[in-house]
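Structural characterization, general
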Amino acid sequence: MKKDIDFHPVTGVKLAIAKEEVNGQTEWSVYIINLNLIELNTVMITSKGYGIIDGEKKKTSTLRHMIQELGSESVAKIEPIDPAVFVLNNEFWVSYYILDQIFDKKFIFTEGSMDPSNIRMIPELGLEGVLHR
């Protein structure tokens with residue numbers, strides 16, 4: 001059971017939603033950034049969006065991703081994201097192993113966090129977006 005697992009605090013791992021120009025079109029994607037000096041193994045990411053639009057509860061599909069190995073000080077693209085869901089809370093649950101220890105963290109980009117005033121250059125990606133620590 002999950003309550004029996006000793007989860008350690010997550011450090012050195014960030015998530016970002018960033019944009020890039022591809023064939024003249026702006027595409028948004030979610031990235032995981034490993035700033036640690038050691039690789040992450042069996043990285044599992046679950047994503048979903050939820051919130052209220054026009055007084056009605058909305059929920060997106062739950063997506064699951066796995067990255068077998070994310071090298072030290074490296075980046076991986078998790079998934080594309082449609083700007084239409086920026087009005088929702090976008091939740092990413094990340095679990096991974098370092099050696100034989102499991103780490104687990106929930107990252108939530110709350111509604112409004114993708115406001116243009118929050119968009120900054122993300123040095124690790126060389127792209128503009130919003131970084132979640």
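Located above this text is the structure these notes cover.
Everything quoted here is computed from the prediction, not taken from an experiment. (Residues numbered from 1 in each chain as written. Predicted model: local features only at pLDDT ≥ 70, side-chain atom pairs only at ≥ 80, totals over all residues. Heavy atoms only, no water.)

**Considering the overall build of the protein chain**
When helices and strands are tallied, the protein chain shows zero helices and ten strands. Counting helices and strands in the order they occur from the N terminus, the protein chain gives β-β-β-β-β-β-β-β-β-β. Across its three principal axes, the protein chain shows a C-alpha extent of roughly 45 × 35 × 25 Å. A total of 133 residues make up the protein chain; the buried ones form 39% of that total. Of all intrachain contacts in the protein chain linking residues separated by at least 6 positions in sequence, the fraction that spans at least 24 positions is 61%. Total accessible area on the protein chain is roughly 7,900 Å²; 51% of this is exposed by carbon and sulfur atoms. (Helix = DSSP H or I, 4+ residues; strand = E, 2+ residues; numbered from the N terminus. Buried < 20%, exposed > 50% of the residue type's maximum accessible area, 1.4 Å probe, protein only. Contact = heavy atoms within 4.5 Å. Areas by Shrake-Rupley, 256 points an atom, 1.4 Å probe, with all protein chains shown as cover.)

**Let's talk about the environment of Ile 52**
Among the secondary structure elements, Ile 52 is positioned in strand β3 (residues 40–53). Residue class for Ile 52 comes out exposed when judged on its relative accessible area of 54%. With 36 residues separating them along the chain, Ile 52 and Leu 88 place their C-alpha atoms 7.1 Å apart. Not counting chain neighbours up to four residues away, the residues in contact with Ile 52 comprise Lys 57 and Leu 88.

**Here we look at the nonpolar core**
Leu 15, Ile 32, Val 43 and Tyr 96 are the most contacted members of the largest nonpolar core, which has 28 residues in total. Elements with a contribution of two residues or more to this core: β1 (13–22), β2 (25–34), β3, β5 (63–70), β6 (74–80), β7 (89–98) and β8 (101–109). Of all the elements, β7 adds the most residues to this core, at four residues. Residues within four places of Val 43 in sequence aside, it is in contact with Ile 32, His 65, Met 66, Ile 67, Leu 70, Val 94, Ser 95 and Tyr 96. Listed in part, the seven residues of the second largest apolar core include Ala 16, Ala 18, Ile 33 and Leu 125. (Core = buried A, V, L, I, M, F, W, Y, C linked by side-chain atoms within 4.5 Å.)

**Concerning the pattern of salt bridges**
Charged atoms that come close allow side chains of opposite charge to pair. Going through the model one piece at a time under the given rule, you end up with five salt bridges. Its salt-bridge partner being Lys 19, residue Glu 128 comes within 3.9 Å of it at the nearest N-O pair. Within this pair, whereas Glu 128 is found in strand β10 (residues 127–132), its partner Lys 19 is found in strand β1, the two being separated by 109 residues in sequence. We classify Glu 128 as partly exposed; its relative accessible area is 38%. (Salt bridge = Lys/Arg side-chain N within 4 Å of Asp/Glu carboxyl O.)

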